[in-house]
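For reference, the chains in residue letters:
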Amino acid sequence: DTKKKLEAVTKQKDIFESSMASFQTGYDHLKFEREKCNKAVGALSVERDSLKDTKKELEKKVATLEAELHNIKAAASSVPGPTDDDVGGRRLRRRRLTHIL
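The paragraphs below set out a description of the structure included in this document. No experiment lies behind these values; they were computed from the predicted model shown. (Residues numbered from 1 in each chain as written. Predicted model: local features only at pLDDT ≥ 70, side-chain atom pairs only at ≥ 80, totals over all residues. Heavy atoms only, no water.)

## Let's talk about the overall build of the protein
Looking only at helices and strands, the protein has two helices and zero strands in total. When each of the 101 residues of the protein is scored for burial, the buried share is 2%. On the protein, roughly 9300 Å² of surface is accessible, and the fraction owed to carbon and sulfur atoms is 60%. (Helix = DSSP H or I, 4+ residues; strand = E, 2+ residues; numbered from the N terminus. Buried < 20%, exposed > 50% of the residue type's maximum accessible area, 1.4 Å probe, protein only. Areas by Shrake-Rupley, 256 points an atom, 1.4 Å probe, with all protein chains shown as cover.)

## Regarding a nonpolar patch on the surface
The grouping of Phe16, Met20, Phe23 and Tyr27 at the surface amounts to a nonpolar patch, some 450 Å² of accessible area in total. Along the chain, Phe23 turns up in helix α1 (residues 2-77). (Patch = residues over 30% accessible without salt bridge, like charges linked within 9 Å, V, L, I, M, F, W, Y side chains within 5 Å. Salt bridge = Lys/Arg side-chain N within 4 Å of Asp/Glu carboxyl O.)

## Things to note about the pattern of salt bridges
Within the structure shown, the criterion is met by four salt bridges. Among the salt bridges present, the one from Glu33 reaches Lys36, with a minimum N-O distance of 3.6 Å. You can see Glu33 and its partner Lys36 sitting in helix α1, three residues apart, about one turn around the helix. Under the relative-accessibility criterion, Lys36 is labelled partly exposed at 43%.

## Comments concerning the packing of aromatic side chains
Working definition: an aromatic ring pair is given by the centre-to-centre distance plus the angle between the planes. This structure, assessed with the given rule, holds one aromatic pair. Look at Phe23 and Tyr27: their rings are 6.3 Å apart centre to centre, the planes differ by 20°, and that puts the pair in the stacked class. Taken together, the residues Phe23 and Tyr27, both in helix α1 and four residues apart, mark about one turn of the helix. Residue classification places Tyr27 among the partly exposed positions, given a relative accessible area of 43%. (Phe/Tyr/Trp six-rings, centres within 6.5 Å; stacked < 30°, edge-to-face > 60°.)

In C-alpha cells form, the structure reads like this:
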C-alpha cells in the first residue's frame, strides 16, 4: 500500500516538475520577447525624434521657399512693360510671369 502511494506521489512530482519546466520555458520566451519589444520601442523612439528634426528642417525650408516665392512674385509684378503705348503687351507679359510663378 505504501509502495502505491509512493508511486503516486512520484508520478505527481514528475508531472509537477514537467509543468514547472514548461512554465520556465514559456517564461524565458516571454522575457526574451519583452526584451525584443523594448529594443524595438527604443529604436522607434530614436526614429521618431529623427523624424521630428526632419519635419522642423522641412518646415524651415518651406518657409524660406515661400519667402523667396513672395519676393519673386513682387519683383515680377514690378517689371515694366515694353512701352507705355503697348498696354496690352504689358498685361500679357505680366500674365505670363504670374502664370509661370
